[in-house]
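Given next are the chains, with one letter for each unit.
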Amino acid sequence: METQGGNNPQTAQDTLNLLTEGLQSLQQNLLAQLNQEVTQLQSQKSRLSGEIEELRSQYRQVQSQEQIEQQQQWAQQLAQVLATHLQEQLRQQFDPSGAGADQPPSYDNANSLLLSLDATLSTTLKTLQQDISSYQSALSQQLGRMQTLEQQGEAILEALVSRIKVQLQQNIQPSTRSLPSRPGQYLPEQPNDREPSQQISPVPSVPPTPQQTNFKTGLLLILLSSLTLSFQNVVTRVILKEQSILGMIKLGGFITPSPGNSLLILAMRMIIVAPLMAFIIAPWRYPNTYRDIRQLGNPDQRGRLFSVVGSGFFLFLSQFFIYIALGNIPTGVATTIFFIYPTVTILLAWLIFRDKPTFLLILATISIYIGGFLTIPSLTTGAKGNYTLGAITAIASGIAFAVYVILIKVSKLHPIPFSVVNFTTILFFSGLVLLVGSAVPGLGFTVKPTMWPGLWVGALVLTVTTLFGYLLNNFGVPMIGPALASVVGASGPALTVIMAFFIINEKLVLLQVLGVVLVTVWVLGISVENTKPKAPPAQPARK
């Protein structure tokens, strides 16, 4: 018989609320039980530690008693020697001839007394030695039992914590719909077997003071990561175009903006970044990196291998196009146009994962396109450079980055080995295209001999900012969660415009500023929208 609540949305909502409250209550009960049991185990451990320390003190006392026993043995030997010597003297005194006959009564009494004393001392020392041996054996057994109890307590505590973690992970799965927010932010989301529309948000709870401190630290790290990546775009602009640094010195323009020179910068940067990531950072941050990479070679993992390598290829294309754009249009404008990628990601997710966008996401998509259109330099005055090429390559960079994001969802690989494969793929393709493209017009690089030192310094700065931004992001995301990290990273266009204004005095006209603000606000809106829980798909009513 069909229940009446099957077609009642309010009843379904009430049921969902009851389920959420039940999960919250379960989490709180489990945490309270865990805290209570951990407190009890800690108190028992403290008590056992006190008893062990007391037994150790008693053991030291026993050792000191053994030293006393040794001294008593030495005293016994000395007494025996003295008794023998005294007996010999008495014998000589009372029997000078040594015949031994008719000894006086005094000599017999002294000899008997010494023999009785020697027997008494021997018996006492043997008894004492037996008592000490028995006590030492009992003490060793008690110490063994204490160590066994401590090991059992630690094993019970570890098993209890593991069981509660598994139960919490089974009952509460956090949302991981957040996406990398910048072209240099290589940390993909954690694997999740749920479809995007089926993921549920974590149950809110009031964190203790240490977690609040970690949250603030993580927020600061993500903000510094975004600033570092914005600074990286400014440095790239300086390498490609001579700029006035802080209004004091002229610097930059080491190479001219061209496809071949963009490939050269990318290859020089990855020559340093890829080995450092593969051999130093990856084993440090995730010891199982190469085990996971080797597993991609299994026949049943070929699909994941293609998705990981494909994501590296599209990230290579995104970096290649953004370098061309930064050489032809202002830094803030190129970054703003690049941020059309969330809209492309929404469309691709709709086509691939059937994740239908909401009305707010559709409105955000239209607004971002309008904002990007307003920032194109051809619509403003004072534009310099090949702005048509710059705008087209910035759009191409955003589209390629959107495909990279979608392939992250498909690969479901740990972020560290994922980044190692990505960096290696970028290095391979940039080097390959440089070698093959040297005979193709437009793909070869041209560098004046006097510009090589400055170019290498710029590439080194790009390397440092890449690794620094990656590590900041890698440390910060676990502290605040990937969803909030994407919200902070969505401020990229505004941060880049501000940094470019203060460092290289790059000014935008009113329409461009309006476009940057429009894109930034709606990208933030998309990031916030992705942090919200998705309602489960409606079930068809049964007839």
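Residues numbered from 1 in each chain as written. Predicted model: local features only at pLDDT ≥ 70, side-chain atom pairs only at ≥ 80, totals over all residues. Heavy atoms only, no water.

S.K.: Account for the side chain of Ser 411, with residues named and values stated.
M.R.: Positionally, Ser 411 belongs in helix 10 (residues 387-411). Judged by its relative accessible area of 1%, Ser 411 is buried. At a separation of 3.0 Å, a polar atom in the side chain of Ser 411 contacts the main-chain carbonyl oxygen of Ile 408. If we ignore the near neighbours within four places in the chain, the residues touching Ser 411 are Arg 304, Ser 307, Val 308 and Phe 418. (Helix = DSSP H or I, 4+ residues; strand = E, 2+ residues; numbered from the N terminus. Buried < 20%, exposed > 50% of the residue type's maximum accessible area, 1.4 Å probe, protein only. Polar contact = N/O pair within 3.5 Å; in protein donor to acceptor, adjacent residues only side chain to side chain. Contact = heavy atoms within 4.5 Å.)

S.K.: Which residues make up the side chain of Glu 506, and what values go with them?
M.R.: Mapped onto the elements, Glu 506 comes out in the loop between helix 14 (492-504) and helix 15 (510-531). A polar contact is formed between the side chain of Glu 506 and the backbone nitrogen of Thr 331, at a distance of 2.8 Å. Setting aside chain neighbours within four positions, we find Glu 506 in contact with Arg 237, Pro 330, Thr 331, Gly 332, Ala 500 and Phe 501.

S.K.: How would you summarise the environment of Ile 249 if you had to cite specific residues and measurements?
M.R.: Here Ile 249 is to be found in strand 2 (residues 249-251). Other than its neighbours up to four places away in sequence, Ile 249 contacts Gln 243 and Ser 244.

S.K.: Explain the pattern of salt bridges to me, and be specific about the residues and the numbers.
M.R.: Any two side chains of opposite charge can pair if their charged atoms end up close together. All chains considered together, the criterion is met by four salt bridges. In this structure, Glu 506 engages Arg 237 in a salt bridge whose closest nitrogen and oxygen atoms are separated by 3.6 Å. Separated by 269 residues along the polypeptide, Glu 506 in the loop between helix 14 and helix 15 and Arg 237 in helix 3 (residues 209-240) bring together distant segments of the chain. Neither residue differs from the other here; Glu 506 and Arg 237 are each classed as buried. The salt bridge partner of Asp 292 is Arg 291, with a shortest N-O separation of 3.1 Å. A relative accessible area of 8% places Asp 292 in the buried class. (Salt bridge = Lys/Arg side-chain N within 4 Å of Asp/Glu carboxyl O.)

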